[in-house]
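Results of the structural survey
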Amino acid sequence: MEEIGLLLKRIMPEAPDDLMTAAALAPLWAAVATGALGHAHPLGYCRGRLFVAVPGSSFSARLRQEQPRLVQALRKAPGLRHLQEIVPRPWPGAAVPRTCAEPLRCPSAPDCVEALAAAVDDEALRASLARLAASMRGSGDSADPVV
């Protein structure tokens with residue numbers, strides 16, 4: 001039984017230590033997102049990157065303008081002290097999801113799968129996870145290949 005446990009631990013990727021969900025990020029985001037940025041919603045945080053759903057390109061531009069202020073304010077929150085970048089993810093349609101309950105439809109899911117793949121030692125599993133991330137993006141190849 002111990003051998004099976006060791007095997008599973010080796011082949012099953014573990015979530016990064018700093019992974020935060022949309023539910024945990026929502027109150028932190030609400031405290032710093034003012035004005036039009038209140039229409040954007042956090043999707044997840046992983047490895048220094050905060051993914052935020054925005055309803056259109058104008059919101060993406062506004063988010064990039066305000067990124068230095070937002071990053072500085074969010075770094076004060078527990079779990080976000082290593083925040084480096086806020087990544088806007090355009091969400092089609094007028095309604096922006098408040099949670100990321102459906103991982104395959106979540107804009108940040110491919111990035112999280114790639115982050116998990118990077119942490120896996122097994123080459124075949126890492127390649128499989130990279131293909132999954134590319135598939136989740138809706139393309140045949142990954143824009144940011146996992147090394």
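Quick caveat, the model's predicted, so the values are computed rather than measured.

With that settled, the discussion passes to unusual backbone geometry. Of note, Arg47 is a non-glycine position whose phi angle comes to about 50°, a positive value. Position of Arg47 among the secondary structure elements: in the loop between strand E2 (41-46) and strand E3 (49-54).

An order of E1-E2-E3-E4 is seen for the 4 strands of this open sheet, with the pairing classed as mixed. Looking at strand neighbours, the two that pair on one side only are strand E1 (20-21) and strand E4 (85-90), the edges of this open sheet. With respect to the sheet, helix H3 (residues 57-74) is in contact with E3 and E4, its orientation differing from that of E4 by roughly 150°.

This paragraph deals with the environment of Ala133. By the element assignment, Ala133 lies in helix H5 (residues 123-137). The spatial distance from the C-alpha of Ala133 to the C-alpha of Val113 is 5.8 Å, given a sequence separation of 20 residues. With near-sequence residues (within four places) excluded, Ala133 lies in contact with Pro110, Val113 and Glu114.

Moving on, we come to the pairing of E4. One ladder, built from 6 bridges, connects E3 with E4; its direction is parallel. Opposite Ala53, over in E4, you have Arg89 as the bridge partner. Running through H3, the crossover from E3 to the neighbouring parallel element E4 is right-handed.

With that out of the way, let us pick up the pattern of salt bridges. Considering all chains together, one arrives at 3 salt bridges under this definition. Where Arg49 meets Glu85, a salt bridge forms, and the shortest distance between an N and an O atom there is 3.3 Å. In this pair, Arg49 sits in strand E3 while Glu85 sits in strand E4, placing the two residues 36 residues apart along the sequence. Classification of Glu85 as partly exposed rests on a relative accessible area of 33%. Between Arg69 and Glu66 there is a salt bridge, with the nearest N and O atoms lying 2.7 Å from each other. With Arg69 and Glu66 both in helix H3 and 3 residues apart, the pair spans about one turn of that helix. Salt bridges here are not isolated pairs; linked through shared partners, they connect Arg62, Glu66 and Arg69.

Thresholds, definitions, all that
- What you see as residue numbers is a count from 1 along each chain, following the sequence as written.
- For a predicted model such as this one, the threshold for reporting local features is a pLDDT of at least 70, and the threshold for listing and counting side-chain atom pairs is 80 or more; totals across whole chains, interfaces and linings nevertheless cover every residue.
- Calculation of side-chain values draws on the structure's entire complement of heavy atoms; hydrogens and water are dropped beforehand.
- Here a strand is any run of E in DSSP of at least two residues, a helix any run of H or I of at least four, and the numbering for each starts at the N terminus.
- At least two bridges found by DSSP between two strands is the condition for calling them paired.
- Whether two residues touch is decided by their heavy atoms; if any such pair falls within 4.5 Å, the residues are in contact.
- An axis is simply a line fitted to the C-alpha atoms; with a helix, the fit covers only the stretch in contact. Between two such axes, the angle follows the N-to-C directions and lies from 0 to 180 degrees.
- For crossovers, right-handed means that the path from the first strand over the helix to the second runs clockwise, given strands pointing away from the viewer.
- The term salt bridge refers to a side-chain nitrogen of Lys or Arg lying within 4 Å of a carboxyl oxygen of Asp or Glu.
- Three labels apply to residues, based on accessible area from a 1.4 Å probe with only protein chains included: buried if under 20% of the type maximum, exposed if over 50%, partly exposed otherwise in between.

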